[in-house]
Structure formats: C-alpha cells, structure tokens
Number of protein chains: 2
Amino acid sequence: MNPFYILRLSAIIQVVVSAFMIIPAGIAASAGEMLEFYSFLGTILLVWIFASVYILVTRRAPNRVLSSRDGFFFVTSSWILAAGFGAIPMWISGTIPSYTDAYFEIMSGFTTTGASILTDIEALPRSILFWRSLTHWLGGMGIVVLVVALIPLLGAGGTKLVGAESPGPSVDKFTPKIRNNALILWLIYLGLSVIEIILLMLGGMDLFDASTHTFGTMATGGFSPKAASVGHYNSAYIDAIITIFMVLAGCNFALYYKAMSGKLRDVFRDGEFRAYLGIFFIVAILISINLMLKGDGYDTPGRAFRYASFQTATIITTTGYATCDFELWPNFSKVLLFFLMFIGGCSGSTGGGIKVIRIVTVAKLALNNIKYMLHPRGVFSLKVGNTQIRKEVVYTIAGFFGLYIFTILFSTIVVSTCGTDIETSLTTALVTVGNIGPGFGKIGPTENYFFFPGYIKWFLSLAMMAGRLELFTVFALLTPQFWRK
Amino acid sequence: MNPFYILRLSAIIQVVVSAFMIIPAGIAASAGEMLEFYSFLGTILLVWIFASVYILVTRRAPNRVLSSRDGFFFVTSSWILAAGFGAIPMWISGTIPSYTDAYFEIMSGFTTTGASILTDIEALPRSILFWRSLTHWLGGMGIVVLVVALIPLLGAGGTKLVGAESPGPSVDKFTPKIRNNALILWLIYLGLSVIEIILLMLGGMDLFDASTHTFGTMATGGFSPKAASVGHYNSAYIDAIITIFMVLAGCNFALYYKAMSGKLRDVFRDGEFRAYLGIFFIVAILISINLMLKGDGYDTPGRAFRYASFQTATIITTTGYATCDFELWPNFSKVLLFFLMFIGGCSGSTGGGIKVIRIVTVAKLALNNIKYMLHPRGVFSLKVGNTQIRKEVVYTIAGFFGLYIFTILFSTIVVSTCGTDIETSLTTALVTVGNIGPGFGKIGPTENYFFFPGYIKWFLSLAMMAGRLELFTVFALLTPQFWRK
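- As named in an unreviewed UniProt entry, chain A is TrkH family potassium uptake protein, taken from Candidatus Thalassospirochaeta sargassi.
- Quoted verbatim from the Sequence similarities (unreviewed entry) field of UniProt, the annotation for chain A is "Belongs to the TrkH potassium transport family."

Encoded structure:
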C-alpha cells in the first residue's frame, strides 16, 4: 500500500465535494449572509490550494492498480477529510463555535445519521442549513461513488474501491463498467430527488424547504431546517409524500434499474424487498392499533396510521425525521421502534443499519441449523427469495452480524462513561452506528446531542463513519495485519 | 419418531426427579410443616402412579434406537413435565396459590434462572424453600444427565439425547461411554457442592442455609431463602466463598476432570477458560474503580472489589444472587453488567447465556472476515486457544448467535405488550433467556416477577426453558419439518 498515492486520490474527492459548497455560498450571497459567504468561499479555496499542493508534491508517487487494502484506506481517509473540511464553514463563521461540534454535525450529515448538536435550528443562517442538508445528499449515495461517476478516476481496480463505500453485501452490477454503474445509481437518485422536490412544493413548501427535506429523505438522513422536523408542517399530504419517499430510499436502487428495464416481475420476486415491505407494514399496523387503543389524539385509524407509518419508516430506513414525540408513545410501540433500530434498510439503498438481507440471511442460517440437526446428511442451501446465497457470503454476513452487535455493545459501554443510563447509552450506540439519528431517553426526537462531552462526540463521529462504511472498511485499518508489509 | 415411546422415557425422568421430593418431605416432617409434608408425599405418589400406568399402557410401543429428533422431543417434554409436577407441592399446599406462579417459580428453579414471583420469601415454609433451591441443583447439571448417570437408560443413542440437554457447543467426551461421562460430571458437581457447603458452614451458616445457597451457587441459579439474598449475611468471608464458587461453576466441568487427570497445563491453555477469566477480572476491576470514584460506601479498594467481583460473578455466570442493589450503582457499572448479560458462562458449565466460547468464535469470525478481505486467497482457519474450530461448528455457532439475538428481541416485544418500558422489557428478555434472574428496571435485584400478567409468566417460563436447552432443542419442535414424517 502506498498511502501517499492514495491520499492523492482522496484529495481529488475533496476538490469535488468542496465544489458543492458553491451552492450554499450562492444562497449566502443572495440572503445577505456575508460572513457565511466568505466562510464557504474561503473553505473552497483552502481545499483547492491544499489539494493542488499535495498533488503536486506527491506527483512522483507510483500510480498502480489498487488492492482492496488500498480501497479501505482510500474510502476511510476520504470520509474523515470530507467531514474535516465540511465542518470548517460552520466553525469559522461562528455558527457552531466549537470545531468538535461542527465536525460531529457534518459527519452526522455525510453519514446520513441526522444526529444534531444544534439547540436552536431555526436561528441558523439559511446557507448553513442548506449545506448541512446537502451533506446528507452527497453522503447518501456515497462521495466516492459520486466522484467515480463524474471522473474516470479509478480504472481497473475501481470496483473494489467503490465496494468499500457501497452499502450492503451485494451491489448488483448493471453493466460491466464501474463508472457506468456509479452514473446510473446517481441518475436514479437525482431523478427521485427531483420528483420529491416537485411533490413537496405542490404541498406548499418553498424550494429551500422542499430541497433540504428531500436531501434528508432520499439520503435517509433526517436533518430538517425546522425545529419540529417534518411535524412543523402539520400536513397529512407532506407526511404521506415523505413516508413514501423514505420507504423508496430504503429500497435497493438496483431494483429501480430493473423496474426501468421492464423486469418488474423480478422486483416483486426479490426476497429482501418483500421482507422489507413486510416488516414495514406489520410494524406500522401494530403501532397503529396500539396507538388507537391508547387514544391520546390518535383515535381514528387514518390518523393513527399516518403517524405510525411515518415513524416506522423513519426508523427502519434510518432517516430520523419525526412528526411527533414517539418518546410519549406506549411502551409496546416504543419497543417495536427499538427492534427496528436493529434492522435498517435494504442493501444497495441509502439506508443504514444491519440491512434486511443480512437479517434474513442470519435468520435462515439459524433455521438451517435446526434442519441440519434434524437431517444431519442434508445438503447446505440458503435462499433469500429466488437468490441462492453462497456459503462464503453467508460467512461474511454472519461475521458482520456479530461484529455489528459487538460494536453496539462496546459503543454502549463507551457512551456510558459520561454517565448516561442504559436506555440512553444503548440507543445512542444503535442510532449512531446504524445512522438513524434520534433514539430514546436523553437523545429522544425532541432532544439533541449537545450535552455529550467532547470525547464522546469524537467517538460517535467515528462510530457514525464506521457504521456508514459498514464496519469492515474502517475496522480493517485498526488491525495490525493491515499495516504489515 | 414415536412420541409414545419417548414419553415413556420422560416418565422415568419424572419418577427419579420426584424421588428427590423425599428430602423436602423429611424437612417438612421434622419442622412440623404437615400440610407441606402431605403435599410432597401426595405429589410423589401422583407422579409414580401416573408414570406406572403410562409405562404399563404403552409397553407395546416399539423400543428402538433414538434419533436426534427423538432427543429434542424427549428432553423438552421431560423439562415441561418436571416443572409441571415440581410446581404441585407449592400449589396444593397453598404456599403459592396460583398454579401459573408456582409453574413459573419451579421452571425458574430447574432452569437455574432464579427469577422469583415471591414477595415475602422468609415467611415461606422451610421445606418449600428447600425444594425450590433443590430444583436449581437438579437442573444445573441436567435432569436427563442425572438419570443417565443413575440408570443405564439410553444405550447407543444416548449421546444425542444428553447432547440436547448439555450446555455449550462441545461437550468433551472423557470416556467413550455416555453413562460414565454423566456419572463423572455429576460426581465432580457433587464434590464441589459438598466442599462449598462445608466452607459456608465454617462461615457460620447452618446446614439448611449452607445447602440451599450451595445449590444456588453450583447450579448458577440464584434462589436464596433470604429476602436480602446473600447480602443478608453481610460477611466478607461468605461473599468471597460464594464469588469463588460462582466463578468455578461457570467453568467447563471437563476442565476439572482434566485437572484431576494431572493435565493442569491443558486447563490453563484452554482459550475459553482464559477469555472467561479475562472478562471477569477486567469487568470486576473496572466496576471497582467506578464504585470507588463515586464513593457511596465503596471507598476502600477492598470493599469496592468485594461488591464489584460478587455482582460481576453473579451476572457473568448467570447466577443472580445479590449482595447489594446494583440498580443504585453508577450508569457505567450498570452498562458493564448489562454487557455481561450477553455473555454467560463457559460451555459445559452450569451457567447460561450465549457462552464464552460462542462469543469468542463469533468475534474471531468477524476478525477472519477482515483478514480475508485483506488477503482474499488466505485459507480459512479459526482457533480458540489451541483448538481448531471446524467450519461446520463455526456455522452452527453463528446460527446460534443470530437465533439468540432474535429470541431476545422477539421476547422483548412480547414482554412489552404488558406495558413495561424498554429497559425492563429488554433486560427481562435477557435475564430469562440467559437464565440470569434479576435485571434492571422493574425486575431489579430488589424487585420480583409477581407483577407480570399470567400470559407473560407462561411465556417467560417457555423462554427460560428454551434458553436452558440452548434454543435449538426447543425451537426444533416449533418447525413444520419436525412433525413431518
């Protein structure tokens, strides 16, 4: 591995990502937020100068085919740097006076977690709010995937590098060329985003609100420029649109490509897709019934289902928007949401968490063991829907599942060192590693992460990134084997 | 499978187990508890008549070599019936007026959970308290293993049947004969129990207190005839003895056989044993430091370590005794205990939980995946200590781990239907499936399970049994494949 060469690639990622700051800079200029305008412009210049100098200095580093090890280092360093530079405008403009807080907020943005340290969101400059939401949208489909779609950067080794960033165990290849795949994914993502913006504007939102909320929805992020989140609009239409698009964002994007290629039957036969929709509807209906039985303003089936389906979608897709304070819900509904925190969206979606395909695979592995105990001479076979899952993939999935549970438990212990109770510590771990956002206890939907001490914020920033990059990519860098020659 | 023949074997188990009621019947007679005396005697008669009639009626059922499927049915039915009959004396004597409560209490006894519905323990007749603790001791090493040790019941297929009851993925075979293995295990268990009784009596306990507490320790059960549990004695000596014997009971009993055969070096090379002791000491020391820093009566290192090591041992070995109310401890210590609830004792011990060997294997599987991603052409190899774990075993362990997590989450949802909060629902699931006993929230160490509605008590009884028999045995009976010809 040659870190100098790989950091040169990371530098190119930073140049592209920082170029997107031109949009909030424009917003700042037109809104008369001059301090923010100069902060964005200054950061862009800083990144470009840094990147140019670095690329120039390391121009002699050998250019070679990249291994998976290079991929881990490339993706992880790109994300650490992107949050590092992305936090600068908020920090130097004074919007968020502490760099720790700004880093946490922007890492939460890029990783589409949506956990916020902000206490008075609506007092913030519009340009800053826009940038915060835009990081969701960039991180949702992946900044490396984005750059690969735009620039023929990687060549032959590209698949491995994009694989280190892509969510889920199996990214379907639509076409043999990695760049085409990246482009198709980003075009679908862009298309769905444009449709959602239009539909939200039809519901009465202005372009600013519609786009920021769309970024949060399509990326399953959860940042809202409103203190009351989506609940601010108190509109059944807007709730419905955002619920539907959250569910869409939690689906494997490869399915949209299949659907557009006319293979609609394949979509409905997809085992993960069916399990995902099944879990969503069962939980949403159970919560609706529970809410109706308890009353408290949820007395009609329509109203109960509206709030139940929104909150179910927001947790299973790991978005984190809210239309009500689910901390006040009956315990059964709260436990169902807690259970969803272990699942997450589909592989190849923008959602976080363990992912439905892995949950289904581990469940089938357990069932397989029972079968095998009954018929010891049976042949191993594990199917999800119509797809045969190879033994090696089952291994990797089981290892991931175990690593995920250990990461949650370890993070719970680390968080509790600052004195938070079991419920808060555990759900903080679940919602940061799973990129969800709000949890229970002191990080409930009406609370924020401001109260955590600095070392917890840095730890959680790392946890969010590890979760977004699906653990292996980041944890590989922590093994001694990685750094051995 | 022929259920009639298998139930005949289960009937023999009931005859042996009920014979142990002669001891509490004797205690009842000498303490003048005549109602209890007749209740025990009546139950023994009832079981013996039932069993004799059943065996007579089904004497024509074919006698054949047993399959693993038969083993699952045999072990599960034996346990359901043992708790069913074991609950009768408490119920007909009026000590526990509800049969649901009595069943829960005795299933909690046999499974060595130690969760109790009793609100005023010390008001109970001594004979009932003794029986309650004795069920721990019988269930700890296993009632089927016990009967196999006493009677040449099973012949060739015996290993499979005992395997369905034994804790942990790999029961070492000391000798090729299953009956010898069962006998050796029970003799070691008996020997350690006698030593603990003597040591506790040297600390000032009478024979009754010393034996009931020994049953709870060696079986990692946790029932105490005192309302304040072991804290009642307020003795550093007794705390130390019980801590040490809890830790001993959480070790693989095969290691004692090895140690006695002079293979002491093998014992200390055992990967699971080292991991178990490592986790125990690290957590005990971390909690000691946390308690000392917080003060509150734990200001000397000795005092802090005394309480920290006792509570650490009680949770990791899944015993459930208490010498203080750890609900009042700082959150970091509570989260560490919560983390231990996921681990449990060693395989082949009387402890419950996931078991250390499985935790270590899943952790290594995760690490292996990272290695494999770095070196895709590496050869698969997974070692715990010096022992190579075969690929098929790793599969079974990963499946078990997944099933365990799902069982916990599913049980959490079921418990929450009665309105308990996330912390109570989750720890109730953890401590019943893991056979621990006390948890956090409404089932903390100073609380009890009385408040749960009847359907939750039946569900938890099943959950305790499923946990004690390591899930697969019981869950196999719930699959359609099991009942297919």
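### Thoughts on the interface of chain B and chain A
- Contacts between the two partners involve 54 residues from chain B and, on the opposite side, 54 residues from chain A.
- Contact between chain B and chain A buries roughly 4,900 Å² in total, counting both sides, with carbon and sulfur atoms accounting for 81%.
- Contact with chain A buries surface across chain B, with Leu374, Tyr395 and Ile422 of chain B losing the most and accounting together for 16% of the total.
- There are zero salt bridges connecting chain B and chain A.

### A closer look at the confidence of the model for chain A
- Averaged over chain A, the pLDDT score is 90; the fraction of residues at 70 or greater is 94%.
- Across the interface, the model reports ipTM at 0.91; the global pTM reads 0.93.

### Regarding the relation of the copies chain B and chain A
- Least-squares fitting of chain B to chain A yields an RMSD of 0.0 Å, with the superposition described by an axial translation of 0.0 Å and a rotation of 180°. Such values leave the two copies arranged in the relation of a two-fold axis.

### Quick word on the UniProt feature "binding site: K(+)" (unreviewed entry) in chain A
All names here are of chain A.
- Sequence positions flagged by UniProt for "binding site: K(+)" (unreviewed entry) are, in local numbering, Thr112, Thr113, Gly221, Thr318, Thr319 and Asn435. Maximum C-alpha separation among the annotated residues is 8.4 Å over a sequence range of 324 residues, consistent with a single clustered spot.
- If you trace the backbone, Thr319 turns up in the loop between helix H16 (301–316) and helix H17 (331–340).
- For Thr319, the contacting residues outside a window of four places in its chain are Thr113, Gly216, Thr220, Gly221, Gly222, Met246, Thr314 and Ile436.
- On the secondary structure map, Asn435 appears in the loop between helix H20 (422–433) and helix H21 (454–468).
- With near-sequence residues (within four places) excluded, Asn435 lies in contact with Thr111, Thr112, Thr113, Thr220, Thr318, Met464, Gly467 and Arg468.

### A short note on helix H2 (residues 22–31) of chain A
Residue and element names in this part refer to chain A.
- Within H2 the residues assigned to the buried category are Pro24, Ala25, Ile27 and Ala28. All buried residues of H2 project into a common sector of 160° when viewed along the axis, lining one side.
- The inward-facing, buried residues of H2 abut helix H3 (34–57) and helix H7 (126–141).
- Where H2 terminates, the next one or two residues include Gly32, which has phi positive at roughly 75°.

### What about the environment of Leu150 of chain B?
Residue and element names in this part refer to chain B.
- Within the secondary structure, Leu150 sits in helix H8 (residues 143–150).
- Taking the C-alpha atoms as reference points, Leu150 and Cys346, 196 residues apart in sequence, are found 25 Å from one another.
- Not counting chain neighbours up to four residues away, the residues in contact with Leu150 comprise Val16 and Arg179.

Parameters and conventions
- Residues numbered from 1 in each chain as written.
- Chains lettered and ligands numbered in written order.
- Predicted model: local features only at pLDDT ≥ 70, side-chain atom pairs only at ≥ 80, totals over all residues.
- Heavy atoms only, no water.
- UniProt positions renumbered as here; feature names shortened; annotations may be inferred.
- Contact = heavy atoms within 4.5 Å.
- Buried area = accessible area lost by both parts, 1.4 Å probe.
- Salt bridge = Lys/Arg side-chain N within 4 Å of Asp/Glu carboxyl O.
- pLDDT = per-residue confidence, 0-100.
- Least-squares fit on C-alpha atoms with pLDDT ≥ 70 in both.
- Helix = DSSP H or I, 4+ residues; strand = E, 2+ residues; numbered from the N terminus.
- Buried < 20%, exposed > 50% of the residue type's maximum accessible area, 1.4 Å probe, protein only.
- Arc of directions from axis to C-beta.

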